[in-house]
Structures are given as structure tokens and as C-alpha cells.
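What follows is each chain in one-letter form.
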Amino acid sequence: MAGLIGRIREVDLLDQCCKSGRPEFVAIYGRRRVGKTFLVRSYFGNRFSFYATGIADQNMRAQLRAFNLSLIEHGSLDRSMPSDWFEAFARLKTLLSSEAVRRDSASCRRVVFLDELPWFDTPRSSFRAALDWFWNGWASAYDDIMLIACGSATSWMLDNLVEDHGGFYNRVTRQIRLMPFTLAETEQLLLSNRVELPRQQTVEAYMVFGGIPHYLNLIDRRSSLAQNIDQLCFSQAGELRYESDRLFKSLFRHADIYEAVVRELAKRLIGRTRTELASARDIGGGKALTKALRELEQCGFIRRYRNYHANKNGHYYQLIDPFTLFSLRFLDGSSVDSWMEYRGTPSYHAWTGNAFELVCLLHMRQLKQALGIAGVQTQESAWRSKTSDPGAQIDLLIDRKDAVIDLCEMKYSGAPYVVDADYARKLNAKLEAFRAEERPGKALHLVLVTMNGVAQNAHYHILASTIDSDDLFRE
């Protein structure tokens, strides 16, 4: 597994599959460029009995031709073109039944890896029926077979494999939802590429690219971070200049509603309710919106969170994918032409404040570790005052089972943050407004999360806890 960074849970699950002594059907899904193929190929070292990948935007004949070439490459003696998917999978059965079939040397399993599986399923091709016939009618009877199906088209993977109520109902034995890297994993990846950035710049890279390995791998160590952002995102020939245009079409069939939801959520950083989204002209309600919200959450583009004083159905949906937010703000008709020139402006500083809050929300596990409550049951929410003027708000409440509520503020600055008299009054006013309005019956702790720590002065002690970026970089 040389070169594999992070992915500890996923590697452990693959270990379990290899040692289970049962037939295994593993479905791996996640957003484009998150490293699904790299995970599988790194784990098995390309020791596959059979490997084939679907081709984007090609017809059935092209897909079958690619599948047939993979059959021949892996030892099939029949070189003729399959007439349909049933014949193609029959040929795969013959290949896997051969004494000469290649096995994974570590587990002795016959490993079949079908990458970008949804692309094989062209209209009226009967691909799903043939795959059902292959697995349910043959492969699932052999304890040494592992079938790994991988795909970026999340809606297809969920509808047709993971949550299918037809032939694949309860047939997928394991599923891996691959998520973006954490800050710690991002730092490891950059260092493995000999890109040495101070942690503040690593956080800024995360604000722009998120934890998407492919995007981070594009950073050129010979240039500054700002130069890289300009070259990759603002140059007309930049590799990520039009990435957001391709992103949702690669993940979701009928991507229009997904894009409309994301664009609507980008207009209001704290998020919107389902009712507000349904009222938008390009979205509407019903099952289509329910499906889009569920799958956008599965891919890590949005999060669903509760407003503290709302009922159980009072959820907000918030866009939390850094690169999507960056693209919609700066690459989609924005007046910003150069990141080098934009850095340091008042608008840039406003962006860093909002983007840092998002980074913190994406590292909730690390925040809880820093507070010493990793093992405490919690519920995270936000709070908006109904009565105070001006309206007080707290973007992150951690409601703890041990009768404490942490009221968290996030501040981004290049030096230790100074809690002056004015900010101390504002913090105390928020705390008292929350106490008076909600009467929580729990201890209230003010927590400040910063990039470079908090300066110790006369007002510092209003805080119960402080968390800095080093805490966010913990594994």
C-alpha cells in the first residue's frame, strides 16, 4: 500500500473483507477526484483477477469493447467481441474459473474490480440484469470471490446497489463512502509531494481545494500557494478553472436540480430549510428534492443541522464543500481575476473568516478531542435569537450529555487573536441572550477556535477553552 495516505478505516474494512471467508460484494462511492480508484489499486497493488473501467459518455458497443479488451488482457482465450452484457459476464465467469486465473497473493481471493461502474449502464443495455445474473447466479456461491464496484455517480450507486430493492437487495456486503481528507491528511499528502507549507497556508489551501486529493496533487512545489491558485483556478487554461461545471454532471444523473440546490445554498452561508429550498424557482419540492438533499449529503457537499430551539423537523441544509463554495464565489462570473491581487483586500479577509468557520465544522471530531469530550455524546446545532436586538447568533453549539453546552466562536487571523473589551462584551451578551431565551439548565462554556491561538490579556479569562489550528491538525 505504498503511497496510500490516511484511509485507516477503509483499509481496515478491506482487511476484514479479505479475511471474512465469505463472498464479498463491496460498493465504493464518493465524489469525483476523492481517490476511490487510488484506494483500491493501492490496497491490492493491481493484483486483480479482472479489472475494467467504464468510459464516460460512450454507447454500449464502446463499453463492451473496453470490457472485452480487459478480458483479453487478463487471460481470456476468446478474443471475439461479446454481443451483449450477458455474453460478456459469461466470458468473465470462464476467466475466473480458469486454473491460471490471477489471485491476490495476500488473501488468495479472486478479486474483480469494476471501476466507474455506472458508466457501463447505458440506456437499454441490460447491464444491471447481466451483473445481477453474474453475482446472484454464480459469483456469490464462491467464498473466495470479492467483487468491488466503484463509481462517482453517487445517485446510480445508491439507487442501484446500496439501496436497491430489486436483484441487489441486501447483496452488497460492505459499502465504503469515501470522504475528503482531513487537514492532517492534507498536510501528509503535500509533504509526500515535497510541498512544504506553513500550517496557515495549508489551512488556506484547504479553504480553496478542500481535502480533495486530486486537487491537492496539482499544487506545484516550485510556486507559491497564491501562484498555484491563480494558475489552477483563474487561468483560462487552469486545470480547475471549469471543474465545478463538470463536477455535478459526473456525480448525478439529471444533475440540474443538484446544481440548483447548491447554488441556492451558496447564497446564504448559514443554510436554508427544506421549505425555503422548495420555494426556489429552479428547485421545487417533492421526491426529487428529497433525493437531491440526501445524495448531496452522502457526498459531503452539504450538511444537515438543527437549529437549537427548532423541533425535530426544523433542519437547515448548509453547503460545506470548500471547493464548490470557492468556485461559485470566485470562478462563476466573479470580478476577481487574480488571487495574487485579491489577497489582503477587505473582501479577502471576510472570505477567510467564513471559510475558516467551515474548516472548523469539517473537523468536529478534532474539536471534540481538543475539548476532552471525544467520548461524550453530543449534539451539534446552531442558534439564532428570536428576541435580541441586534439578533444574536451562535454558529456552533455543542450540547453535551455531561450537562454542558459549548458556545463556539471561530476567528481567523495571522497572529494570536486578541479578545478586546468590545469583543468580550459581545461574547458575554451572546451567552446571556442564549441563557435568558433558552433556559437550558446546563453550564455554558465560551470556546474560541482560532488559527494562531489567543493572546492572554485582561479579557482572556472570559473563555472556558481555546482551540488553535494545531488541534485541528490532530489525527
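Residues numbered from 1 in each chain as written. Predicted model: local features only at pLDDT ≥ 70, side-chain atom pairs only at ≥ 80, totals over all residues. Heavy atoms only, no water.

**Some remarks on the overall build of the protein**
In terms of helices and strands, the protein carries 21 helices and 13 strands. For a compact globule of 475 residues, the expected C-alpha radius of gyration is about 23 Å, and the protein comes in at 25 Å, within 12% of that figure. Counting only C-alpha atoms, the protein reaches 80 × 50 × 45 Å along its principal axes. For the protein, buried positions account for 54% of its 475 residues. Taking contacts inside the protein between residues at least 6 apart in sequence as the whole, the part at least 24 apart equals 69%. For the protein, the exposed surface amounts to about 21500 Å²; the carbon and sulfur share of it is 47%. (Helix = DSSP H or I, 4+ residues; strand = E, 2+ residues; numbered from the N terminus. Rg over C-alpha atoms; globule rule 2.2 N^0.38 Å. Buried < 20%, exposed > 50% of the residue type's maximum accessible area, 1.4 Å probe, protein only. Contact = heavy atoms within 4.5 Å. Areas by Shrake-Rupley, 256 points an atom, 1.4 Å probe, with all protein chains shown as cover.)

**Focus: the packing of helix H16 (residues 322-331) against helix H18 (residues 346-361)**
Running from N to C, H16 and H18 point in directions that differ by 155°, and their axes come no closer than 11 Å. In this view, H16 runs roughly antiparallel relative to H18, as classed from their interaxial angle. The handedness of the crossing between H16 and H18 comes out as right-handed. From H16, Pro-322, Leu-325, Phe-326, Arg-329 and Phe-330 reach across to H18, where they touch Ser-347, Trp-351 and Leu-358. Among the residues forming the contact of H16 with H18, the class breakdown is 6 nonpolar, 1 polar and 1 charged. (Axes fitted to C-alpha atoms, helices over the stretch in contact; angles between N-to-C directions. Parallel < 35°, antiparallel > 145°, perpendicular 65-115°, else oblique. Left-handed = near helix turned anticlockwise from the far one by under 90°. Nonpolar A, V, L, I, M, F, W, Y, C, P; charged D, E, K, R; others polar.)

**Let's talk about the nonpolar core**
Ranked by size, the top nonpolar core spans 103 residues in total, and within it Phe-209, Phe-326, Trp-339, Trp-351 and Phe-356 carry the most contacts. Ignoring any residue separated from it by four or fewer positions in sequence, one finds Trp-351 in contact with Met-207, Val-208, Phe-326, Arg-329, Phe-330, Trp-339 and Tyr-342. Among the nonpolar cores identified, the runner-up in size contains 36 residues, and Leu-117, Ala-139, Ala-149 and Ala-153 belong to it. (Core = buried A, V, L, I, M, F, W, Y, C linked by side-chain atoms within 4.5 Å.)

**Side note on the pattern of salt bridges**
In the structure shown here, the tally under the stated rule is 36 salt bridges. Note that Asp-104 and Arg-47 form a salt bridge whose closest N and O atoms lie 2.9 Å from each other. Pair noted here: Asp-104 is in the loop between helix H4 (85-97) and strand S3 (110-115) and Arg-47 is in the loop between helix H2 (36-44) and strand S2 (50-53), with a separation of 57 residues, a long-range link. Overall, the relative accessible area of 2% leaves Asp-104 in the buried class. (Salt bridge = Lys/Arg side-chain N within 4 Å of Asp/Glu carboxyl O.)

**Re the sheet that holds S2**
Here 5 strands make up an open sheet; going across it, the order is S2-S3-S4-S1-S5 and the pairing parallel. Bordering the open sheet on either side are S2 and strand S5 (174-177), each of which pairs with just one other strand. Between one strand axis and the next, the sheet turns by 10° as a mean value, whatever way the strands run. Summarising the sheet, S2 and S3 pair through 4 bridges and their orientation is parallel. Residue pairing for S3: Tyr-51 is matched across the bridge by Phe-113. Docked against the sheet, helix H1 (residues 8-19) engages strand S1 (24-29), strand S4 (145-151) and S5, running at close to 165° with respect to S5. Set on the sheet, H4 makes contact with S2, S3 and S4; between it and S3 the angle comes to about 150°. (Pairing = 2+ DSSP bridges.)

**With respect to the pairing of S5**
Alternating residues of S5 divide into Arg-174 and Ile-176, all buried, and Gln-175 and Arg-177, none buried. When S1 meets S5, the two strands line up parallel, connected through 4 bridges. The partner of Ile-28 across the bridge, within S5, is Ile-176.

**Structural notes on the sheet that holds strand S6 (residues 272-273)**
In sheet architecture, strand pairing relies on hydrogen bonds along the backbone and comes in two forms, parallel and antiparallel. In spatial order, the strands read S6-S8-S7-S9-S10-S11-S12-S13; together these 8 strands make up an open sheet with mixed pairing. Here the strands that pair on one side only, and so sit at the sheet edges, are S6 and strand S13 (465-467). Looking at chain direction, strand S12 (residues 443-450) and S13 are connected through 3 bridges and run parallel. By the bridge assignment, Val-449 is partnered in S13 with Ile-467.

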